[in-house]
Amino acid sequence: MNLIIKSALITDPNSPFNNQTADILITDGTISKVGTIDDAGDAEIFNAAGKHVSPGFLDLNCNIGELGFETKEDINTGTSAAAAGGFTALALMPNTQPPVHSKAEVEYLINRSRGNLVDIYPLGTISHKREGKDLAEMFDMYSSGAKAFTDGNRPVQDAGLMERALLYVQGFGATVFSYPEDTAIVGKAKVNEGHISTLLGMKGIPPLAEELMVARDLYLAEYTDTKLHFSTITTSRSVELIREAKKRGIKVTCDVAAHHLVLTDEVLLGFDSLYKVKPPLRTQADVDALIVGLNDGTIDAIVSQHTPHEIEFKDVEFEIAEYGIIGLQTVFSLAVQAGLSANIIVQKLAVNPRQILSVGTPVIAEGRKANLVVFDTAQEWEYNKANNLSRSSNSPFLSHKLTGRVLLTCNNNQFYKSK
């Protein structure tokens, strides 16, 4: 299908047309003209007056149940939700059964997703079976298409193993993702340690549990001189540690989950398990520090941490409910709610994530592949069961009105339009 996007404000720091309002002609999946287009020919017209167009978003932290947990989410439903949220690419966490710990799983996911609007980048495990004992077949997975390595939502407790992983990937230029959590300090706690955990009568997870691991892995990254990425940081001290490390020249990047930008632990006073996430929701001071970190460049990316669950895993008592919410369709809206500008959002959702993964960044320019998203930072919409495209529905934002909407997603000569 040929398409003309009319009168869009181009928001792409790498484009020669950045901050200009123009028409964009897409022919057979390629941007064939940017400028004023009077003759539409046989092309469909999409009116984007007052709207932004940017490169498509890439999510660095997405859980899709395939392999093994397809009742939570599979490639088809996950990529449908992703396209509706403006994502044209997903980095899939290896939290599956079996885990993505060999080239077989990597190749399966890549082949399974061929021909999709949304590109899939499997992340391989650091350790075999995510057990934290022995290194996985990292080079084999990299050769088959794994772009980075992580044990997902299981932190690597063994400092020696993390050091060996950082040294090993140097040979082929991959990146290690760290989920910073000291499990010995966390214990069986479920929520952030502080005033709210006291009111709830629950054991708390202190910020120290995250910050100790951030400090440890920063030392390891400096010692090995290897690229390191922190997934879903949540505390003000973590932001400070990473800011200081960047000033010292350590090769470190980090991301934050969208829900940690708009929610604090105060929402847990109702014991609603939909708000049960890990890392836990923190305080307003932490939220403020995260937003400052995004604006000053300390935090490089925003992620969905999309974690689907069947109803029986969430509609239970808070203590026994599983962690996680679905987020692919709400990331952009939550970034708008957090007060971030369109330019910052594009940097954190489209440009930086691709640099972190070392994959090519789309550019809105003539002759380039049409990998883009059209969004409106002011449009209100209701996220509900009718337009939720995930197989799961564990989101506290369902049946809520949100501001900021993705209107069109384009990639691989395919289009998704919001309804």
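As a reminder, the structure under discussion sits directly above these lines.
All figures in this text were calculated on a predicted structure; none of them were measured in a lab.

**Student:** Any chance you could explain helix α1 (residues 75-84) here in plain terms?
**Tutor:** Given 3.6 residues per turn, any residue in an α-helix points the same way as the ones three and four places further on. With eight of 10 residues buried, α1 lies mostly within the body of the structure. Within α1, the full set of buried residues consists of Ile-75, Thr-77, Gly-78, Thr-79, Ala-81, Ala-82, Ala-83 and Ala-84. Among the structural elements, β7 (87-92), α2 (103-112), β8 (119-122), β17 (400-411) and β18 (414-417) are those in contact with the buried residues of α1. The N-cap of α1, judged by a side-chain oxygen 3.1 Å from the amide nitrogen of Asn-76 a few residues on, is Asp-74.

**Student:** In this structure, what is going on with the sheet that holds β7? I would like to understand it.
**Tutor:** Sheet strands line up and pair through hydrogen bonds in the backbone, either parallel or antiparallel. Pairing is parallel across the open sheet formed by three strands, whose spatial order is β6-β7-β8. The open sheet terminates on both sides in strands that have one partner only, identified here as β6 (57-62) and β8. Direction aside, neighbouring strands of the sheet carry axes that sit 20° apart on average. Judged from the four bridges that link them, β7 and β8 form a sheet pairing that is parallel. Looking at the pairing, Ala-89 lines up with Asp-119 of β8. Packed onto the sheet, α1 meets β7 and β8 and runs at close to 130° relative to β7.

**Student:** Explain the packing of helix α7 (residues 207-224) against helix α8 (residues 236-247) to me, please; I cannot follow it from the model alone.
**Tutor:** The geometry of a pair of packed helices is captured by two quantities: the angle between their axes and the separation between those axes. One way to put it is that α7 packs onto α8 with a least axis distance of 9 Å and a crossing angle of 10°. Judged by the inter-axis angle, α7 sits roughly parallel to α8. For the element pair α7 and α8, the recorded crossing hand is right-handed. The residues of α8 that touch α7, namely those facing Glu-210, Glu-211, Val-214, Ala-215 and Leu-218, are Arg-237, Ser-238, Leu-241, Ile-242 and Ala-245. Here the contact of α7 with α8 is composed, by residue class, of six nonpolar, one polar and three charged.

**Student:** Would you mind going over the packing of helix α4 (residues 159-169) against α7 with me for this structure?
**Tutor:** Running from N to C, α4 and α7 cross one another at 40°; their axes reach a closest spacing of 10 Å. In terms of orientation, α4 and α7 fall into the oblique class. Here α4 runs over α7; the crossing is right-handed. Along the contact surface, α4 presents Ala-159, Met-162, Glu-163, Leu-166 and Leu-167, while α7 presents Arg-216, Asp-217, Leu-220, Ala-221, Tyr-223 and Thr-224. Per-class residue counts for the contact of α4 with α7 are seven nonpolar, one polar and three charged.

**Student:** It is not clear to me how the layout of surface pockets should be interpreted in this structure. Could you clarify?
**Tutor:** Think of a ball as big as a water molecule: rolled over the atoms, this probe shows where empty space is left. Its volume calculated, the largest pocket comes out at about 710 Å³. Forming the walls of the largest pocket are 27 residues, and the residues nearest its centre are Asn-63, Asn-95, Arg-130, Asn-153 and Thr-307. Within the lining of the largest pocket, the residues separate by chemical class into eight nonpolar, 13 polar and six charged.

**Student:** Hey, could you run me through the packing of aromatic side chains in this one?
**Tutor:** Each aromatic ring pair is summarised here by two numbers: the centre-to-centre distance and the angle between the ring planes. In this structure the tally under the stated criterion is nine aromatic pairs. Ring plane angle 25° and centroid distance 6.2 Å describe the contact between Phe-57 and Phe-332, whose orientation is recorded as stacked. Here Phe-332 lies in helix α11 (residues 331-337) and Phe-57 lies in strand β6, a separation of 275 residues in the sequence. When its relative accessible area of 2% is taken as the criterion, Phe-332 is described as buried. Three or more aromatic residues joined by ring pairs make a cluster, and in this case those are Phe-139, Tyr-142, Phe-149, Tyr-168 and Phe-172. Over the ring of Phe-313 we find Lys-72, and its NZ or CZ is 4.1 Å from the ring centre.

**Student:** Just checking my understanding: could you explain the pattern of salt bridges for this structure?
**Tutor:** In a structure, side chains of opposite charge can pair up when their charged atoms sit close to one another. Across all of its chains, the model carries 15 salt bridges by this definition. Salt bridges sharing common partners tie together Arg-237, Glu-240 and Glu-244.

Reading the values: the criteria
- Residues numbered from 1 in each chain as written.
- Predicted model: local features only at pLDDT ≥ 70, side-chain atom pairs only at ≥ 80, totals over all residues.
- Heavy atoms only, no water.
- Buried < 20%, exposed > 50% of the residue type's maximum accessible area, 1.4 Å probe, protein only.
- Helix = DSSP H or I, 4+ residues; strand = E, 2+ residues; numbered from the N terminus.
- Contact = heavy atoms within 4.5 Å.
- Polar contact = N/O pair within 3.5 Å; in protein donor to acceptor, adjacent residues only side chain to side chain.
- Pairing = 2+ DSSP bridges.
- Axes fitted to C-alpha atoms, helices over the stretch in contact; angles between N-to-C directions.
- Parallel < 35°, antiparallel > 145°, perpendicular 65-115°, else oblique.
- Left-handed = near helix turned anticlockwise from the far one by under 90°.
- Nonpolar A, V, L, I, M, F, W, Y, C, P; charged D, E, K, R; others polar.
- 1 Å grid on protein atoms, 1.4 Å probe; cavity = no way out; pocket = protein on both sides within 12 Å on 5 of 7 lines; lining within 4 Å.
- Points joined across faces, edges and corners; volume = space filled by probe spheres on them.
- Phe/Tyr/Trp six-rings, centres within 6.5 Å; stacked < 30°, edge-to-face > 60°.
- Lys NZ or Arg CZ within 6 Å of the ring centre and 35° of its normal.
- Salt bridge = Lys/Arg side-chain N within 4 Å of Asp/Glu carboxyl O.

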